[in-house]
Amino acid sequence: TSFRLLPDTDRAIEAAAQTIIELVKGRPDAILGLATGGTMEPLYGHLVTAHHDGLSFARVRTVNLDEYVGLSPDHPNSYHSYMAQHFFDHVDVAEQNIYIPQGEIEPAQAAHKYSALLERLGPVDLQLLGIGANGHIGFNEPGTAVDAPTRVVELLPSTIKANARFFSAGDVVPSHAVTMGTAEILSARSIVALATGAAKARALADALDGTIGPDCPASYLRLHANCTIFADKLAGAELQ
Ligand code: F6R
């Protein structure tokens, strides 16, 4: 695992985006593992700009990390909607090359289908990851084993609270999600993780300086041979 601490948020995001852009330039049919969340909004902005500057995603296949149970693709807070809004609607990714777990079907069935799909696709070339304030990756919350499969998970109250900011007042934040497992995440050929802002400082220090184990699933990234973690100064504030 290599670690790159950038002086500010914009530069951390830009550096992570650049890694993805370089990969797609060299391998136009790459399989990209994609993430959602606040951290990634500006990152997709960079990818869209790269597309406007000539980069094609037409042959790329994308697999998203997760989706909320109970939200249909057209729900404004579904990760389907997020991806359309921030990325897919602005680039030339082909509809049939986009994979996201289905939130609207029976959850165990959605997890089973997604797990079979990931197996069929084979290893992801580059998996993009945010890091939860509690150290989660995907929706693999603290307590998750290193080899957990793609499955239905219950979100911790702190995660539900952290994600409530994206929902309208009165909207119920889903309590469950279908997530790619730590097993599949760690089987990617390369990983780019991005942590920005003070809210991630504790999680990043636990991930990089703490024991490798289920208390901080992001610590498993240190077991990966080709993982780069990008952070800004705020997220790096508690590193040793
Ligand atoms: C998103 C995901 C999550 C987020 C994490 C950080 O698909 O799987 O692990 O990456 O919760 O979210 P933000 O960027 O909103 O702080």
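Please read these numbers as outputs of a predicted model, since none were measured by experiment.

**Examining the overall build of the protein**
Argument step 1. Regarding its fold elements, the protein presents seven helices and 10 strands.
Argument step 2. Projected onto the principal axes, the alpha-carbon positions of the protein cover approximately 45 × 40 × 35 Å.
Argument step 3. Per-residue burial for the protein yields a buried fraction of 43% across its 240 residues.
Argument step 4. Counting only contacts in the protein whose residues sit at least 6 apart along the sequence, the fraction spanning at least 24 positions is 80%.

**Overview of the site of the ligand**
Argument step 1. In the vicinity of the ligand there are 13 residues, among which Thr36, Gly37, Gly38, Thr39 and Gly130 approach most closely.
Argument step 2. The residue inventory of the shell around the ligand, partitioned by class, reads four nonpolar, eight polar and one charged.

**Some words on the nonpolar core**
Argument step 1. Within the largest apolar cluster, 65 residues are counted, with the highest numbers of intra-cluster contacts made by Ile131, Val192, Ala193 and Leu194.
Argument step 2. With six residues, helix α1 (residues 9–26) is the single largest residue contributor to this core.
Argument step 3. When neighbours within four sequence positions are excluded, Ala193 is seen to be in contact with Leu129, Ile131, Leu221, Cys227 and Ile229.

**A short note on the UniProt feature "domain: Glucosamine/galactosamine-6-phosphate isomerase" (unreviewed entry) in the protein**
Argument step 1. Per the UniProt record, the feature "domain: Glucosamine/galactosamine-6-phosphate isomerase" (unreviewed entry) sits at residues 11–225.
Argument step 2. Between the first and last C-alpha atoms of residues 11–225 the distance is 24 Å; the span itself is 34% helix and 14% strand.

**A word on the sheet that holds strand β4 (residues 66–68)**
Argument step 1. The three strands lie next to each other as β4-β8-β7, forming an open sheet whose pairing is antiparallel. In this open sheet, the two edge strands, each paired with only one partner strand, are β4 and β7 (151–154). Neighbouring strand axes in the sheet, compared pairwise and without regard to direction, differ in orientation by 30° on average.
Argument step 2. Pairing of β7 with strand β8 (residues 176–179) involves four bridges; the strand directions are antiparallel. Among the inter-strand pairings, Glu154 is bridged to a residue of β8, identified as His176.
Argument step 3. Packing of helix α4 (residues 107–121) onto the sheet brings it into contact with β7 and β8, and relative to β8 it is tilted by some 15°.

**Observations concerning the sheet that holds strand β6 (residues 126–130)**
Two modes of strand pairing occur in sheets, parallel and antiparallel, and in both the strands are linked by backbone hydrogen bonds.
Argument step 1. In space, the seven strands of this open sheet follow the order β1-β10-β9-β6-β2-β3-β5, with parallel pairing throughout. Looking at which strands have only one partner, the edges of the open sheet turn out to be β1 (2–6) and β5 (98–99).
Argument step 2. The pairing of strand β2 (residues 31–34) with strand β3 (residues 61–64) spans four bridges and is classified as parallel. By the bridge assignment, Gly33 is partnered in β3 with Val63.

**Some words on α4**
Argument step 1. A rise of 1.5 Å per residue sets the reference length of α4, with its 15 residues, at 21 Å; its end C-alpha atoms lie 21 Å apart and thus fit the reference within 8%.
Argument step 2. For α4, the complete set of buried residues consists of Pro107, Ala110, Ala111, Tyr114 and Leu118. Burial along α4 is one-sided: seen end-on, the buried residues are contained in an arc of 95°. Exposed and oriented more than 90 degrees from the buried face of α4 are Ala108, Gln109, Ala116, Glu119 and Arg120.
Argument step 3. Tucked inside the fold, the buried residues of α4 contact β3, β7, β8 and α6 (182–186).
Argument step 4. Once α4 finishes, Gly122 follows within two positions and takes phi at roughly 85°, a positive value.

**Examining the pairing of strand β9 (residues 191–195)**
Argument step 1. Counted residue by residue, β9 has five buried out of five residues, so it is predominantly covered.
Argument step 2. Here β9 shows no split at all, with Ile191, Ala193 and Ala195 on one side and Val192 and Leu194 on the other all buried.
Argument step 3. Sheet topology places β6 next to β9; four bridges connect them, and they run parallel. Residue Leu129 lies in a different strand from β9, and its bridge partner there is Ala193.
Argument step 4. Remark: the β9/helix α7 (residues 201–209)/strand β10 (residues 227–232) crossover connection has right-handed handedness.

Cut-off values and rules
Residues numbered from 1 in each chain as written. Predicted model: local features only at pLDDT ≥ 70, side-chain atom pairs only at ≥ 80, totals over all residues. Helix = DSSP H or I, 4+ residues; strand = E, 2+ residues; numbered from the N terminus. Buried ≥ 20, exposed ≤ 12 C-beta atoms within 10 Å, placed from the backbone. Contact = placed C-beta atoms within 7 Å. Near = placed C-beta within 6 Å. Nonpolar A, V, L, I, M, F, W, Y, C, P; charged D, E, K, R; others polar. Core = buried A, V, L, I, M, F, W, Y, C linked by C-beta atoms within 7 Å. UniProt positions renumbered as here; feature names shortened; annotations may be inferred. Pairing = 2+ DSSP bridges. Axes fitted to C-alpha atoms, helices over the stretch in contact; angles between N-to-C directions. Expected span 1.5 Å × (residues − 1). Arc of directions from axis to C-beta. Right-handed = clockwise from strand over helix to strand, strands pointing away.

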